[in-house]
Amino acid sequence: MNVKSELLANLANADGEFVSGAALAEKLGVSRNAVWKAVKSLEAEGFSISSVTSKGYRLSDDNNRLSADLITPLLKTKEIGRTIKVFDEVDSTNNIARELETEKYPNGTVVIADRQTAGRGRIGRSFASPSGKGLYMSILVRPHFNLEYAPMITAAASCAAAEAVESLCGSPVMIKWVNDLYMNGKKICGILTEASLGLEMRVLDCATIGIGINVRRVGDSFDEELLKRATSIEDETGMALNRNVLCAEVLNRLEEYLGRIADRSFLSAYREREMLTGNMITANVGREKIVGEALGIDENANLILRLPTGEMKHLSSGEANLCRIRQ
Ligand code: BTN
């Protein structure tokens, strides 16, 4: 670790308290002048650090700059997030993570970007990813699951992200099958999982879990059409969450939820938050549009639907929307 990284990690560990220049200098084994120079250099990179003559340095609450050095001290994981790559701008973090698949980066490698120029959503859609506004990250996992478990990765990631957001802002977060998170009836997060099959095709070799959370006020960075459907945590709660803290909260829970796929125990948490259940919905399955009552989530994270004819369907993928909310 270099001086700047160590300095950031120490400030992150100080829980918002001031740390004196002398204490930092001793810890890092450098002069106080070297600490001061590192602070100035970090500020030039966009980190927001308060300095008070008699107290020392402290990471400002409004620091909105992403950094692996600020995320790592908050992790409680064994593997997820133990390698983190942070970029200012990429086309899509999923693209970068998928390039890393072939370079044998370890299970749990995370790619994060401040903005994406070609953020991807499901079904060929784009995902608006303006600078400073969201947490755009992709996690490379090497689960060696049997293929039947693949759809459950997205569902487990939805639980992790929903719980992380809720724990930080206190407002309820719902999951709309299969992978959208909602707050006050509007979308705040989408998840796109892309998988690579093993050679013998029955085993999931590698999967990239792409998570996009709208964190800060979106204002005019979303167009009118998007604003009807999507919102941000800050727009809904007034809380400007720290993206580094949110990232660590998601990763900590992701490791736990991924570990609960094999015995399917994560499904109870998923079902508690799922918002289509009990309502009339429309679902696009391939080119077909069907209407039915969503009865719940089955053991494979499929949506159970009762059609008007009484026929039951278990949907493994597709796009579903509420058409009438049960009173
Ligand atoms: C959806 O809403 O349909 C899924 C959106 C997924 C967006 C995330 S942001 C990080 C990762 N990189 C991408 O290009 N997409 C995912």
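The present account deals with the structure reproduced in this document. (Residues numbered from 1 in each chain as written. Predicted model: local features only at pLDDT ≥ 70, side-chain atom pairs only at ≥ 80, totals over all residues. Heavy atoms only, no water.)

Let us now look at the overall build of the chain. Each helix and strand counted, the chain has 10 helices and 15 strands in total. Relative to a compact globule of 327 residues, whose C-alpha radius of gyration would be 20 Å, the chain shows 21 Å and is just as compact. Over its C-alpha atoms, taken along the principal directions, the chain stretches across nearly 75 × 45 × 35 Å. Taken across its 327 residues, the chain has 51% of its residues classed as buried. Pairs at least 24 apart in sequence give 62% of the contacts found in the chain among residues at least 6 apart. By element, 48% of the accessible surface of the chain is carried by carbon and sulfur atoms, the whole surface being about 15,100 Å². Taken as two groups, the 40 positive and 43 negative side-chain charges of the chain have centres that lie 1 Å from each other. (Helix = DSSP H or I, 4+ residues; strand = E, 2+ residues; numbered from the N terminus. Rg over C-alpha atoms; globule rule 2.2 N^0.38 Å. Buried < 20%, exposed > 50% of the residue type's maximum accessible area, 1.4 Å probe, protein only. Contact = heavy atoms within 4.5 Å. Areas by Shrake-Rupley, 256 points an atom, 1.4 Å probe, with all protein chains shown as cover. Lys, Arg positive; Asp, Glu negative; His and termini not counted. Charge placed at Lys NZ, Arg CZ, Asp CG, Glu CD.)

Core analysis: the largest hydrophobic core is formed by 68 residues, its most contacted members being Met-137, Ile-213 and Leu-246. By residue number, the principal contributor to this core is helix H6 (residues 150-169), which donates 13 residues. When residues of this core are assigned to domains, at least three fall in each of domain 2 (68-273) and domain 3 (280-325). In contact with Met-137, other than residues within four places in its own chain, are Thr-93, Val-110, Val-111, Ile-112, Ile-209, Gly-210, Ile-211, Cys-247, Val-250 and Leu-251. (Core = buried A, V, L, I, M, F, W, Y, C linked by side-chain atoms within 4.5 Å. Domains from an automatic or database assignment.)

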